[in-house]
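Observations on the model geometry
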Amino acid sequence: MEKLYYSISEVAGILGEAPSLVRFWSNTFSRYIKPVRNAKGNRQFKPEDLETLKQIHYLVKEKGLTLEGAEKYLASDRTAVDNSVKALESLKAIRKQLVEI
């Protein structure tokens, strides 16, 4: 079952990055990421936000694009990026299973 909201530390753990980078990306890509704030003022990310952050992580860290380049890429064709991210996640999961064997 998928969670309704993820904390910034959970998102950072999933991406393998620091919470400060997730915070920076959520501010930089505010057009695509709209975290909800709880009563304390902490960011709570929806699953759609998490998918967008995974796409940004792929574009910036894996493909080596600049933030401006990632923004243009997201604006033009998000489905291609989403397919690449899902394929990469599947391959990483398979690799993890093979290493465990």
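Residues numbered from 1 in each chain as written. Predicted model: local features only at pLDDT ≥ 70, side-chain atom pairs only at ≥ 80, totals over all residues. Heavy atoms only, no water.

Evaluated as defined, the whole model comprises four salt bridges. Where Glu10 meets Lys3, a salt bridge forms, and the shortest distance between an N and an O atom there is 2.5 Å. We classify Lys3 as partly exposed; its relative accessible area is 37%. Close ionic contact of Lys54 with Glu89 constitutes a salt bridge, the shortest N to O distance being 3.1 Å. Placement of Lys54 in helix H3 (residues 47–62) and of Glu89 in helix H5 (residues 78–100) is noted, with a sequence separation of 35 residues between them. (Salt bridge = Lys/Arg side-chain N within 4 Å of Asp/Glu carboxyl O. Buried < 20%, exposed > 50% of the residue type's maximum accessible area, 1.4 Å probe, protein only. Helix = DSSP H or I, 4+ residues; strand = E, 2+ residues; numbered from the N terminus.)

So, about the layout of surface pockets. Taken as a whole, the largest pocket encloses approximately 220 Å³ of empty space. In terms of lining residues, the largest pocket is bounded by Gly13, Ile14, Leu15, Gly16, Lys54, His57, Tyr58, Glu62, Val85, Leu88, Glu89 and Lys92. Mapped onto the lining of the largest pocket, the elements with two or more residues apiece are helix H1 (8–15), H3 and H5. Of the residues assigned to the lining of the largest pocket, the class counts are five nonpolar, three polar and four charged. (1 Å grid on protein atoms, 1.4 Å probe; cavity = no way out; pocket = protein on both sides within 12 Å on 5 of 7 lines; lining within 4 Å. Points joined across faces, edges and corners; volume = space filled by probe spheres on them. Nonpolar A, V, L, I, M, F, W, Y, C, P; charged D, E, K, R; others polar.)

So, about the packing of H3 against H5. Between H3 and H5, whose axes approach to 9 Å, the crossing angle comes to 85°. Of the possible angle classes, the one that applies to H3 and H5 is roughly perpendicular. Contacts between H3 and H5 pair Glu51, Thr52, Lys54, Gln55, Tyr58, Leu59 and Glu62 from the former with Arg78, Val81, Asp82, Ser84, Val85, Leu88, Glu89 and Lys92 from the latter. When its residues are assigned to classes, the contact of H3 with H5 shows five nonpolar, three polar and seven charged. (Axes fitted to C-alpha atoms, helices over the stretch in contact; angles between N-to-C directions. Parallel < 35°, antiparallel > 145°, perpendicular 65-115°, else oblique. Contact = heavy atoms within 4.5 Å.)

Here the focus is helix H2 (residues 19–28). Burial in H2 covers these residues: Val22, Trp25 and Ser26. Along the long axis of H2, the arc covered by the buried residues comes to 100°, so they all point the same way. The inward-facing, buried residues of H2 abut H1, strand S3 (43–45), H3 and helix H4 (67–76). (Arc of directions from axis to C-beta.)

So, to be careful, I would describe these as geometric facts and stop short of saying anything about function.
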